[in-house]
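Spelled out from the first residue to the last, the chains are:
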Amino acid sequence: MSIDLKLLHSGDRRTLAKAITLVESTNTNHQKEAQELIQKILPQTGKSFRIGISGTPGVGKSTFIEAFGKELTSRGLKIAVLAVDPTSPVSGGSILGDKTRMEELSQDSNAFIRPSPSSGSLGGVAFKTREALLLCEAAGFDVILVETVGVGQSEYEVADLVDYFTLLMLPGGGDELQGIKKGILELADIVIVNKADGANKQNAETTKNDYQNAFNLMAGHDESVVQVLSCSALEKSNIKEIADTVFSNLDELKKSGSLDKKRKEQNISWFKRLVDELLKKSLFSDKETAKLYNELSEKVGASKANPLDSAKQLIDKFLS
Ligand SMILES: Nc1nc2c(ncn2[C@@H]2O[C@H](COP(=O)(O)OP(=O)(O)O)[C@@H](O)[C@H]2O)c(=O)[nH]1
Ligand SMILES: [Mg+2]
């Protein structure tokens, strides 16, 4: 599977799609090619804004991305949408739904939408998403939106990929009622109360004010306060204002050097995870070590060996 770098840099979608398929492949040869490809394109990356979109299933993330995405393309920006869904099967069941929610956007020549990689792919979903994100940047996209499903660790993984973390909420009910995990609020750079329409309009305003008050109280002396806004993704109301706020926040983060600092930290954690991954990979590519690993797991499970000794034994065997 050879990727034409010139075509990729020119923003050709078919080449971009093919390149993402390559990094998602579990085939060993493909993985080697993918690694070389990522190395080659790395100098062309880093110029986009990376925005995470999170919130419990059904809050309206895909619908919001459709509205927000159209707002961005109307401003002349090229946007790519990536989805991180650890629950989605290899065929990408949830994406069919997403594509219908993003009907306008999926027909927009300045937008590129990519379903989530399969959960089985090596190194975990977020790993592949980082590489897909870098490919989108090399293809010249200005803004990358990463939608995540509020399942498992995915929010934390996405927060470690993006410059800016958007948390969508529903009108009414505290975070516990809405199934928002402890700690997620702390990741947020902005909170958006969606579905502020119809009978929920007033309710959304109350929720917005409650959360804004909470953030005001939480903020330290010279910390900037997380802003809480409301919108209707369905009716596309207040989307412009949200885009203005997001970009003014991002500009501020860039000017203050916070963005640069964040990306450097993310690179450190990417590096560390890569070391873990590559070590594990070489460990298991050695047949004897892989066999011993399975044997020892069983022994530990049957209380015939202790975990510490077994781990040491495995590593010693591998290193010899
Ligand atoms: N009333 C209303 N419904 C919305 C809004 N945004 C999304 N929905 C609906 O909520 C449901 C879930 O939306 P979806 O975008 O798939 O949510 P996701 O799971 O977070 O991606 C769909 O039926 C949408 O039509 C909104 O702003 N107002
Ligand atoms: Mg969705």
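In this report, we go over the structure that sits alongside the text. Note that the structure is a prediction, hence the values are computed from the model and not measured.

With that out of the way, let us pick up the pairing of strand E3 (residues 111-114). By the alternation rule, side chains of E3 split into Ala-111 and Ile-113 and Phe-112 and Arg-114, which are all buried. As paired strands, strand E2 (residues 79-84) and E3 are joined by four bridges and run parallel to one another. When the sheet's bridge partners are listed, Ile-79 is paired in E3 with Ala-111.

Further remarks concern the site of ligand 1. Residues in contact with ligand 1 amount to 16 residues; listed here are only the nearest, Lys-61, Thr-63, Arg-101, Asp-197 and Ala-233. Contact between ligand 1 and Gly-60: an oxygen atom at 3.0 Å from a main-chain N or O atom of the residue. Within the side chain of Lys-195, a nitrogen or oxygen atom sits 2.9 Å from an oxygen atom of ligand 1. Among the elements that make up the shell around ligand 1, the one with the highest residue count is helix H4 (residues 61-74) (three residues).

Turning to the pairing of strand E5 (residues 164-169), a few remarks are in order. Across the six residues that make up E5, a large majority, six, are buried. The alternating pattern of E5 places Tyr-164, Thr-166 and Leu-168 on one face and Phe-165, Leu-167 and Met-169 on the opposite face, and all of these are buried. Across four bridges, strand E1 (residues 49-54) lies against E5 in parallel orientation. Counted as the bridge partner of Ile-53 is Thr-166 from E5. Sheet topology places E5 next to strand E6 (residues 190-193); four bridges connect them, and they run parallel. Across the sheet, Met-169 pairs through a bridge with Val-193, a residue of E6.

Before going further, it helps to spend a moment on the sheet that holds E5. Strand order in the open sheet formed by seven strands is E3-E2-E4-E1-E5-E6-E7, with parallel pairing between adjacent strands. The open sheet has two edge strands, E3 and strand E7 (227-230), and neither has a second partner. Put simply, the sheet's adjacent strands are angled 20° from each other on average, direction ignored. Relative to the sheet, H4 contacts E1, E2, E3, strand E4 (143-148), E5 and E6, its axis offset from that of E4 by approximately 175°.

With that settled, the discussion passes to the pattern of salt bridges. Enumeration according to the criterion identifies 15 salt bridges in this entry. The partner of Lys-70 in a salt bridge is Asp-108, and the shortest N-O contact between them spans 3.0 Å. Within this pair, whereas Lys-70 is found in helix H4, its partner Asp-108 is found in the loop between helix H6 (103-106) and E3, the two being separated by 38 residues in sequence. Lys-240 is paired through a salt bridge with Glu-71; the nearest N and O atoms lie 3.8 Å apart. With Lys-240 in helix H11 (residues 239-256) and Glu-71 in helix H4, the pair connects residues that are 169 residues apart, well separated along the chain. Owing to a relative accessible area of 11%, Glu-71 belongs among the buried residues under this scheme. The network of salt bridges with shared partners includes Glu-71, Arg-75, Lys-240 and Asp-244.

Cut-off values and rules
- Residues numbered from 1 in each chain as written.
- Chains lettered and ligands numbered in written order.
- Predicted model: local features only at pLDDT ≥ 70, side-chain atom pairs only at ≥ 80, totals over all residues.
- Heavy atoms only, no water.
- Buried < 20%, exposed > 50% of the residue type's maximum accessible area, 1.4 Å probe, protein only.
- Helix = DSSP H or I, 4+ residues; strand = E, 2+ residues; numbered from the N terminus.
- Pairing = 2+ DSSP bridges.
- Near = heavy atom within 4 Å.
- Polar contact = N/O pair within 3.5 Å; in protein donor to acceptor, adjacent residues only side chain to side chain.
- Axes fitted to C-alpha atoms, helices over the stretch in contact; angles between N-to-C directions.
- Contact = heavy atoms within 4.5 Å.
- Salt bridge = Lys/Arg side-chain N within 4 Å of Asp/Glu carboxyl O.

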